[in-house]
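# Structural overview for review
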Amino acid sequence: MKKFQKYVLFIVLAASHFTQSVNSYIIPSERYGHTSNLIDNRIYYFGGGYNTTNQYFYLDLSVNFTTSNPPFVNIDSLDNFPPLRYFSSVVIENSGNGSAKLLLFGGRGSTDFSLVKSINEENGPINRTHIPSIVDNKGRMYIWGGKVNQTGYLDKKMYIFDSSTNAWSQNNPIDVPETRYGYSATLLQDSKIVIIGGWDKNATYADINSVDSSPWRTITAKGLPDIQNRAAHSAILAPDEYRIIIYGGNSLVPLNPAKALIILDTRTFTWSQPTAINPPILTPGYPSATLFKNLMIVAFGEYNKDQKGSNSLWILDISKDPFTWVTSYNSSDTNHFKLNTNRHRHSPSTDTTYSTNFKALIN
């Protein structure tokens, strides 16, 4: 078991953390490069860079609130919790009976920017940062690309961790493009993993690739003629299970706020740009986005690539057209329907070249 713990940290969130009494809420410190995971009516946040002091807390979605005063609850008191890190991969499996299993891989320390651990074991990946989080319905965690230091890039293998056997395996497809980091990864209903954007070491792209058991298949997206290249963005799968909604991110030039919110229809691989009422004035990089009912809840992030974090919260109502950025949340709103929260959607992911390369992995 010790050997396994060098790769993935298991943390069991006990039922007590789901039923604990709340005496007061906290104001989280500014951060970016954190992760977010939905369990029932709570969004759990872990880590983040910049001015981070609260490493683990949740947003309570069982109560009404406004975005100017959200109900964040601190749970840093978890026993044996790992040191603060950011740009890591965190996925959560619901275990039932009010508990869940958290799988944490990779990341950087919060002070010296060094890697948290070095990893060397057969079939397993070396430690890395800037990797999104995704787990399928069988409890398998997927790791591709990432970054090992300020200049180091990684191989093109897809690493798969099976939480039921505590074992790594590898998928080595052919025709894989340059590895990258800072991208988003979204699991579709048909088990495709769609990888969008990110940085690589050579060039930028504007294509979509799909891989079966072997070759990646290139697909040209239709729709909008000018999708601004980006990395460090957020992405969720909409309730209809085929639209990927992307928000925020960074680019070589400042991201056009008018293009901060875009949608990819994965049935036809067509881009569109929705109308959204009352958009935020500033567009963050490295935010997290979590789907809850018909709401896209965006949290924190970095502004203007200056490594200054935010502790802001935004909520996008996607229940009808046009979309609306709302400033209040009603826990009893019947216009929203409950989703299957067992499926993890995405965790966001920093440095030179940006990409709009879109890839789908079929397993």
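Our structure's up above, just so we're on the same page.
Summarised in this report is the structure supplied together with it.

About the thresholds
- Residues numbered from 1 in each chain as written.
- Predicted model: local features only at pLDDT ≥ 70, side-chain atom pairs only at ≥ 80, totals over all residues.
- Heavy atoms only, no water.
- Helix = DSSP H or I, 4+ residues; strand = E, 2+ residues; numbered from the N terminus.
- Buried < 20%, exposed > 50% of the residue type's maximum accessible area, 1.4 Å probe, protein only.
- Pairing = 2+ DSSP bridges.
- Axes fitted to C-alpha atoms, helices over the stretch in contact; angles between N-to-C directions.
- Salt bridge = Lys/Arg side-chain N within 4 Å of Asp/Glu carboxyl O.
- Phe/Tyr/Trp six-rings, centres within 6.5 Å; stacked < 30°, edge-to-face > 60°.
- Core = buried A, V, L, I, M, F, W, Y, C linked by side-chain atoms within 4.5 Å.
- Contact = heavy atoms within 4.5 Å.

### Quick look at the overall build of the protein chain
- Counting secondary structure elements, the protein chain contains two helices and 30 strands.
- Considering the protein chain as a whole, with its 363 residues, one finds that 58% of them fall into the buried category.

### Points about the sheet that holds strand S8 (residues 72–74)
- Strand order in the open sheet formed by four strands is S3-S4-S6-S8, and the pairing between neighbours is antiparallel. Unpaired on one side and paired on the other, strand S3 (35–39) and S8 mark the two borders of the sheet. Along the sheet, successive strands turn relative to each other by an average axial angle of 25°, direction set aside.
- Judged from the five bridges that link them, S3 and strand S4 (residues 42–46) form a sheet pairing that is antiparallel. Bridge pairing in S4 links Ile39 to Arg42.

### Digging into the pattern of salt bridges
- According to the stated counting rule, one finds four salt bridges in the structure shown.
- Of the charged contacts in the structure, one is a salt bridge between Lys192 and Asp190, with a shortest N-O distance of 2.6 Å.
- Taking relative accessible area as the criterion, Lys192 reaches 19% and is therefore assigned buried.
- Of the charged contacts in the structure, one is a salt bridge between Arg243 and Asp240, with a shortest N-O distance of 2.5 Å.
- Using a relative accessible area of 21% as the deciding quantity, one classes Arg243 as partly exposed.

### Points about the packing of aromatic side chains
- Evaluation of the coordinates by the stated rule reveals 22 aromatic pairs.
- Considering the side-chain rings of Tyr32 and Tyr86, the 6.2 Å spacing of their centres and the 85° angle between planes classify their relative orientation as edge-to-face. With a gap of 54 residues between them, Tyr32 in strand S2 (residues 31–32) and Tyr86 in strand S9 (residues 85–86) connect regions that are remote in the sequence.
- Look at Tyr32 and you get buried, because its relative accessible area is 4%.
- An angle of 65° between the planes, with centres 5.7 Å apart, marks the rings of Phe105 and Trp168 as edge-to-face.

### Some words on the nonpolar core
- Counting 18 residues, the largest nonpolar core has Ile245, Tyr247, Met296, Val298, Leu316 and Phe323 as the members making the most contacts within it.
- Broken down by secondary-structure element, the contributors of at least two residues to this core are strand S21 (243–247), strand S22 (261–265), strand S25 (288–292), strand S26 (295–303), strand S27 (308–317) and strand S28 (323–326).
- Once residues lying within four places of it in the same chain are set aside, the contact partners of Val298 are Tyr247, Pro287, Ser288, Ala289, Ser312, Leu313, Trp314 and Trp325.
- Judged by nonpolar contacts, the second largest core, of 17 residues, contains Ile26, Phe57, Phe72 and Leu295.

### Examining unusual backbone geometry
- Note the cis peptide between Asp321 and Pro322, where omega equals -5°.
- With respect to the helices, strands and loops of the structure, Pro322 is situated in the loop between S27 and S28.
- Its identity is not glycine, yet Tyr286 carries a phi of approximately 55°, on the positive side.
- Considering the arrangement of structural elements, one finds Tyr286 in the loop between strand S24 (276–277) and S25.
- One non-glycine residue, Phe300, lies in positive phi territory at about 60°.
- Relative to the helices and strands, Phe300 is located in strand S26.

### Some points on the environment of Ser272
- Along the chain, Ser272 turns up in strand S23 (residues 270–272).
- Along the sequence, Ser272 and Lys222 sit 50 residues apart, while their C-alpha atoms lie 8.9 Å from each other.
- Once residues within four sequence positions are removed from consideration, Ser272 is found in contact with Leu224, Ile262 and Ile263.

### Describing the sheet that holds strand S20 (residues 234–237)
- The strand order S20-S21-S22-S23 describes an open sheet built from four strands, whose pairing is antiparallel. This sheet does not close on itself; its edge strands, each paired only once, are S20 and S23. Each neighbouring strand pair of the sheet contributes to a mean axis angle of 25°, computed without reference to strand direction.
- Relative to S22, S21 is paired through five bridges, and the arrangement is antiparallel. Residue Ile244 lies in a different strand from S22, and its bridge partner there is Leu264.

### Thoughts on the pairing of strand S15 (residues 167–171)
- Of the pairings in the sheet, the one linking strand S14 (residues 158–162) to S15 comprises five bridges and is antiparallel in character. In the sheet register, Ile160 faces S15, and the bridge partner there is Ser169.
- The hairpin formed by S14 and S15 contains four residues between the paired strands, and Asn166 there has a positive phi angle of roughly 55°.

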